[in-house]
Structures are given as structure tokens and as C-alpha cells.
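Descriptive structure summary
Read off the chains here:
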Amino acid sequence: MLMKKTVQCLGRIVRDCFRVYPLFAAAVFASETVNAAAGILNPVLLALAGGHGLGERNFILAVVWYGVCIVLPSVTEVINGSLTEVAKVRGEKYFGRQMFVFSEKLRLEALEDPKVLDSFQKADSAVRRGGIQFEVLNGVIATAGALAGCVGTMAVVGRYSPLLAVSGAVGMLPALLSKMYFEKLMTRLRRRQSRITRQCGYFWGLFSDREAVKEMRVMGFEAFMKAKWQDLNIKRVREIREVQLDTGKKQAAGIFVQNLFSALNIGLAFYLMARGKISVGEFAACISAFAVYESCMVRAIVNYFDVAGKYHIAEDYYDYFTVPTEAEGSMEYRPFQEKVTAENVHFWYCGSDREALQGLNLEIKKGEHVVIVGENGSGKTTLSKLLAGAYLPCGGEIRFDGQSTEELKRSGLYAHVSVVSQDFMRYLFTLRENIGISALNRMSDTERMEALTKQVLDGAFLEKTGGLDVQLGREFGGVELSGGEWQKVAIARGLWKESDLIILDEPTSALDPLVEYEILCRFVEMTNGKTSVIISHRVGICRTADKIIVMKDGRVQECGRHEELLHAGGEYARLWTAQAKWYP
Ligand code: ADP
């Protein structure tokens with residue numbers, strides 16, 4: 001099973017290498033093949049020379065061969081040295097693109113799963129290494145070449161005495177095993193540390209985030225953050241050091257045994273010569289074969305373990321591509337004419353032991369303005385993701401007329417649904433791009449976009465910022481917007497996409513209730529005649545709603561219009577009474 005996986009992975013590495021850098025790969029492949037052949041041929045030539053001589057013709061061939069052995073690897077080394085950076089950039093681009101294309105197909109639910117995020121981190125670090133696949137290919141051929149050298153030299157030594165060959169091979173075993181042990185522990189550790197590495201990356205991201213830096217400095221928890229980051233790093237380094245200390249002793253013992261056997265081998269060869277079993281020339285050939293053998297063996301071990309470490313990184317890269325992708329339904333989406341329904345919907349997040357939605361039922365008629373309210377954690381955001389088709393229910397159905405989101409082609413559904421979430425993005429692009437990216441085909445319709453901008457933001461906004469084509473965000477020398485203005489830009493982006501259903505998931509929750517209320521009223525006006533869902537934990541906008549859905553513990557607790565629900569005196573009435581003072 002493991003073997004099959006390794007063979008498959010190596011196959012993909014070879015395929016990708018020849019795809020990404022064909023010339024480079026071919027040159028290195030040729031040079032390493034010559035190296036490998038030299039491993040076998042050179043000791044044989046040495047044995048022939050030490051024995052009965054080569055003869056004039058063979059001597060010339062041997063000289064030519066040695067010339068190739070010297071020139072080709074040095075030429076490849078030059079190519080290698082000068083193209084490594086190019087190959088790295090090329091590799092990063094190719095493997096990064098593969099990852100990006102694959103990530104687009106991932107189930108959005110999977111992005112909530114820490115295991116998927118760990119797998120992403122490992123694949124991402126492989127991509128950042130640029131040519132890791134290439135290094136693996138290189139290393140595999142180099143290891144094979146060095147091993148061929150070991151076999152060749154052992155054959156030569158074995159010709160004089162089988163005992164010499166056996167003791168030469170055995171002497172390297174402890175060094176080999178200790179290195180093997182080290183690599184095994186290091187790979188295990190690297191994989192175990194992927195979460196802590198991600199956490200360190202998260203901290204680093206905070207330290208380079210303008211807003212986070214401002215907050216930590218002004219609020220005075222800079223030192224706390226630094227200490228937390230340092231603790232993580234210390235833990236990381238300590239774990240590495242423990243492995244290195246543990247394996248270091250074993251490696252030292254391995255090298256000691258290796259040297260002991262080297263001395264024994266030389267002593268044995270000397271003994272054979274003294275007893276007249278081998279000639280002085282053969283003794284010299286033997287000693288030189290030992291030296292070649294040892295250097296080949298060391299090269300094989302070093303290359304093997306170097307390549308094994310890199311192989312695991314490449315394997316992690318390919319493992320990422322086994323994360324489940326989005327199950328694309330087969331049905332084309334048809335714009336709904338009557339209603340969107342949720343029927344006994346259940347949903348739980350990967351790794352969570354609690355259901356976020358517990359048998360939820362609701363109905364949204366075409367053209368209705370629906371407001372979903374409820375306290376934090378009641379499942380509103382989760383519901384909005386399911387309504388948008390971003391997540392599929394774990395039980396029950398979300399239907400657009402009769403069409404279940406499970407059966408629909410998700411891309412078709414996404415094209416007709418617009419979501420403005422509380423974690424909306426602030427793109428450091430122009431204002432036009434910030435709004436227009438949700439419907440690229442109309443991006444250049446300046447008149448329409450200006451009209452929308454004036455409706456969502458106030459009339460003076462365009463004048464103040466300098467028009468649609470002004471760069472936003474200070475980071476790239478653009479105009480900085482206030483938090484509220486960024487929120488309005490996100491809403492404009494949501495409206496720019498002409499959709500059958502638009503969902504506003506509390507993008508304005510950070511604003512004070514009255515400002516939020518004004519923005520939402522404007523949104524309701526602008527979406528008149530369209531189907532819209534506003535999610536909020538504040539009830540101000542509910543008076544304008546065709547339907548209010550009150551959520552609690554992942555279920556619909558109440559449903560109706562403002563007056564009905566007030567009259568019923570339940571959860572909605574409670575929320576309204578608590579919040580009414582905020583609204584005119
Ligand atoms: P609301 O929008 O009403 O505040 P959510 O839909 O965000 O509620 O959350 C509903 C429940 O699901 C909560 O118990 C929350 O802790 C849980 N939850 C939300 N997001 C995740 C997640 N990514 N992983 C695990 N549990 C989550």
C-alpha cells in the first residue's frame with residue numbers, strides 16, 4: 001500500500017519535472033545517468049588496471065570515458081547553478097497554479113476543517129520551496145548512481161576476498177540506520193508541527209497587519225502577543241532540538257563503527273598481502289576501491305536521506321490534492337419563480353460535536369424582504385451559507401423552487417446569488433474594481449456604477465475620493481476609507497451583481513445601531529421587488545420586513561411580521577423591547 005503510494009508519487013514527480021522544466025530535467029538526468037554508470041564502470045576499470053592491464057585500445061576508451069565523467073557533471077553543475085533560480089520560480093508558478101486551480105474546486109465547508117488547513121499549509125510550504133519535485137528527481141538519480149558505485153566497488157573488492165566485501169558493507173550499516181532513524185523522527189515532527197507552524201504564521205500575519213499592529217500597540221498588548229509568538233517558537237525549536245540530541249548520539253556511534261570497520265578492512269587487506277594472497281598492486285587497488293566505496297556509500301546515504309526528507313514534502317503537496325472537492329450537482333440552475341425553502345435542515349461543522357442547525361424549516365417567497373434575527377451563535381450565518389449554496393446541508397434540503405442545492409451545479413447557483421458577509425473583503429484595488437468584480441462584464445459601465453455608488457454611499461463620496469478609478473487603501477498609496485465606507489463599498493459590490501437572491505449577513509454590525517438602520521433602510525429601498533435576506537442581531541430593520549424569522553439554537557423559533565410577533569409576546573417581543581430605545 002505504502003509502496004504503491006510511493007511509486008505513484010514518484011511517477012507524478014517525474015511527470016511534473018519533465019512538464020515544468022523539460023530541458024533542465026533532461027540535462028540533469030543525462031549527467032546523473034553518466035554518474036551512475038561511472039559508479040559501476042570506474043571500479044571495474046580500476047580492477048582491470050590493477051590486474052592484467054587494459055590494452056592500448058581499451059586504455060584510449062577508458063581515457064575518453066573518464067573525460068566524459070569529468071566534463072558532463074561539471075557542465076550540468078554549471079547549468080544547474082545558473083538555472084536553479086529560474087527553475088525555482090518556474091516551479092513555484094506551476095505548482096502554485098495547480099494548487100490554486102484545485103483549491104477553487106474544494107468544498108467550501110472543507111475550509112472550516114483544521115485538518116484541511118494543515119494540509120494546505122504543508123502543500124503551500126512545498127510550493128514555496130519552488131523546485132522540490134525537481135530536487136527529489138535529482139536526488140533519486142544521484143542516490144541510484146552512488147549505490148551503483150557501491151555495488152561496483154564491492155564487486156572489485158570481492159574479487160580479492162569476499163570477506164572484505166562483507167565487512168565493508170556491514171561497517172556502513174550503523175551509520176545508515178542512525179541516519180534513517182533521524183529522518184524518520186524529523187519527518188514525523190515536521191508533520192506534527194504543521195499546526196504550530198500555521199499558528200506562528202498567523203502571529204507573523206498579525207505583526208505585519210497595519211490594523212492589528214495599531215491595536216496591539218494602542219491597547220498595550222504588544223508584549224503579550226510577542227511573548228505568545230515567542231513561546232510557540234521556543235516550543236517548536238525545543239521539539240526539534242530534542243530530536244536532534246536524541247539522534248545525534250546515535251549518529252555519532254554509527255560513524256565511530258564505520259571508521260572502526262574501515263581500519264579493520266585496511267588491516268585485513270594488509271594481512272592478505274602479507275600472506276601473499278594478493279599482490280602489492282592488488283592491495284593498492286583494494287585500498288583505493290575502499291576509498292571509492294566509502295565515498296559512494298556516504299554519498300548514497302546523504303543523498304538518500306536528503307531526498308527522503310524532500311520526498312515527504314513533495315508527498316504532502318500531492319496529498320493536498322486528495323482533499324474532497326465540491327460535489328457538483330448535474331442540474332442546471334433555473335431562476336426560481338416561487339420560493340426558496342429549507343426543509344428540516346441539519347448542519348454541523350467538521351470536527352464540531354454540536355449541530356449548528358438542528359432541523360430548520362423556513363420559506364422565502366420570491367420578492368420578499370426577509371429579516372433573520374437571533375442572538376449570537378443561533379445559526380444565522382450558517383443558514384446564510386446554506387441559502388447561498390456555499391455549504392450543503394448535512395441533512396434535509398435547501399430548495400430553489402423544487403431544485404435542491406445538492407442536485408444543482410453550484411457554479412450556476414453562485415452566479416445568481418449575492419452575499420455580503422460580515423467578514424467582507426477590503427480589496428486594495430480601485431473603487432471601480434472593488435464594486436465591479438461581482439459582475440465583470442459590466443465593470444466598464446461608468447454611468448450605472450456611479451449611480452449605484454451615489455445611492456449606496458452618499459452623493460459627495462465620489463467627489464471626495466476622486467472618482468471610480470481611484471486606488472483604495474493606503475498600502476498602495478491610495479485613498480483610505482472609513483470602516484463604514486468600506487462596508488458600503490461591500491454592499492455596493494453585492495448589489496452590482498444582479499442576483500435572484502441577495503443576502504446581507506451583518507456587514508454593518510460594527511456600526512452604531514442608528515447608522516446601521518439608515519444603511520439597511522436604503523438597502524431595502526434599493527432592493528425593492530427583489531428577494532432579499534438581511535441577517536442581524538438587531539431588530540431595527542424588522543419593521544420594514546415582509547417576514548421576520550427569529551432563530552434560536554439552530555432552529556426557527558418564531559416567524560411572522562413585526563406586529564404579529566410583538567403581539568405574540570415571545571422572543572422577538574423580548575428583543576424588540578430591549579432594543580427599541582435605539583430606533584426612531
Ligand atoms: P450566528 O451567525 O447566529 O452568530 P453561527 O451560524 O455563526 O451563528 O454559528 C452557529 C453555531 O455554529 C455556533 O455554535 C458556532 O459556535 C458554531 N460555528 C460557527 N462557525 C463554526 C466553525 N467554523 N467551526 C465550528 N463551529 C462553528
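Structure first, text after, so check above.
1. Some details on the overall build of the protein chain
Counting secondary structure elements, the protein chain contains 19 helices and 10 strands. Of all 584 residues assigned to the protein chain, the portion counted as buried reaches 45%. Sequence separation of 24 or more characterises 75% of the internal contacts of the protein chain that already satisfy a separation of 6 or more. Of the roughly 29,700 Å² of accessible surface on the protein chain, 60% is carried by carbon and sulfur atoms. Across the protein chain, the 70 positively charged side chains and the 67 negatively charged ones have centroids separated by 7 Å.

2. Some remarks on the side chain of Thr430
Relative to the helices and strands, Thr430 resides in the loop between strand S6 (417-420) and helix H13 (431-436). On the basis of relative accessibility, which here comes to 15%, the residue Thr430 falls in the buried class. Side-chain polar atoms of Thr430 contact the backbone nitrogen of Glu433, separated by 3.1 Å. Sequence-distant contacts of Thr430, defined by excluding residues within four places in its chain, comprise Leu468, Asp469, Val470, Gln471 and Leu472.

3. Digging into the packing of aromatic side chains
Applying the stated criterion across every chain yields a total of 22 aromatic pairs. Each ring, one from Trp204 and one from Phe207, has its centre 6.3 Å from the other, and the planes form 85°; the classification is edge-to-face. With Trp204 and Phe207 both in helix H7 (residues 194-207) and 3 residues apart, this pair spans about one turn of that helix. Phe207 sits in the partly exposed class, given a relative accessible area of 21%. Aromatic pair Phe347 and Tyr349: ring centres 5.1 Å apart, planes at 85°, arrangement edge-to-face. Three or more aromatic residues link up through ring pairs in this structure, and these residues are Tyr94, Phe95, Phe102, Phe120, Tyr317, Tyr318, Tyr320 and Phe321. Over the ring of Phe336 we find Lys366, and its NZ or CZ is 5.4 Å from the ring centre. The positively charged end of Arg442 is found above the aromatic ring belonging to Trp496, 4.6 Å away from the centroid.

4. Some thoughts on the site of the ligand
Taken together, the residues surrounding the ligand are Glu112, Tyr349, Arg354, Ala356, Glu375, Asn376, Gly377, Ser378, Gly379, Lys380, Thr381 and Thr382. Measuring from an oxygen atom of the ligand, one finds a backbone N or O atom of Gly377 at 2.7 Å. In the model, an oxygen atom of the ligand is placed 2.5 Å from a nitrogen or oxygen of the Thr382 side chain. Protein chains bury 68% of the 560 Å² of accessible surface belonging to the ligand in isolation. Grouping the amino acids of the shell around the ligand by side-chain chemistry returns 2 nonpolar, 6 polar and 4 charged.

5. Notes on the environment of Asn528
You can see Asn528 is positioned in the loop between helix H17 (513-526) and strand S8 (531-536). Taking C-alpha positions, Asn528 is 106 Å from Ala274, a pair spaced 254 residues apart along the chain.

6. Overview of the packing of helix H6 (residues 162-192) against helix H10 (residues 280-320)
With their axes 10 Å apart at the nearest point, H6 and H10 run at an angle of 20° to one another. Our classification of the angle between H6 and H10 gives roughly parallel. Note that H6 runs across H10; the crossing there is right-handed. Residue composition of the contact of H6 with H10, grouped by class: 13 nonpolar, 4 polar and 7 charged.

7. Examining the sheet that holds S8
As summarised here, the arrangement of the 6 strands in space is S6-S7-S8-S3-S9-S10, forming an open sheet in which the pairing is mixed. Looking at strand neighbours, the two that pair on one side only are S6 and strand S10 (555-560), the edges of this open sheet. Recorded for the sheet is a direction-independent mean angle of 20° between the axes of neighbouring strands. Bridging between strand S3 (residues 369-374) and strand S9 (residues 547-552) involves 5 bridges; their strand directions are parallel. When the bridges of S9 are listed, Val371 appears paired with Ile548. Its contacts with the sheet place helix H11 (residues 380-387) against S3, strand S7 (501-505), S8 and S9, and it is angled at close to 160° to S7. Against the sheet, H17 touches S3, S7 and S8, its axis set at about 170° to S8.

8. Regarding H11
Along H11, 6 of the 8 residues are buried, which leaves the element largely enclosed by surrounding structure. Within H11 the residues assigned to the buried category are Lys380, Thr382, Leu383, Ser384, Leu386 and Leu387. Positioned one or two residues after H11, Gly389 has a phi angle of 80°, which is positive.

Criteria and cut-off values
Residues numbered from 1 in each chain as written. Predicted model: local features only at pLDDT ≥ 70, side-chain atom pairs only at ≥ 80, totals over all residues. Heavy atoms only, no water. Helix = DSSP H or I, 4+ residues; strand = E, 2+ residues; numbered from the N terminus. Buried < 20%, exposed > 50% of the residue type's maximum accessible area, 1.4 Å probe, protein only. Contact = heavy atoms within 4.5 Å. Areas by Shrake-Rupley, 256 points an atom, 1.4 Å probe, with all protein chains shown as cover. Lys, Arg positive; Asp, Glu negative; His and termini not counted. Charge placed at Lys NZ, Arg CZ, Asp CG, Glu CD. Polar contact = N/O pair within 3.5 Å; in protein donor to acceptor, adjacent residues only side chain to side chain. Phe/Tyr/Trp six-rings, centres within 6.5 Å; stacked < 30°, edge-to-face > 60°. Lys NZ or Arg CZ within 6 Å of the ring centre and 35° of its normal. Near = heavy atom within 4 Å. Nonpolar A, V, L, I, M, F, W, Y, C, P; charged D, E, K, R; others polar. Axes fitted to C-alpha atoms, helices over the stretch in contact; angles between N-to-C directions. Parallel < 35°, antiparallel > 145°, perpendicular 65-115°, else oblique. Left-handed = near helix turned anticlockwise from the far one by under 90°. Pairing = 2+ DSSP bridges.

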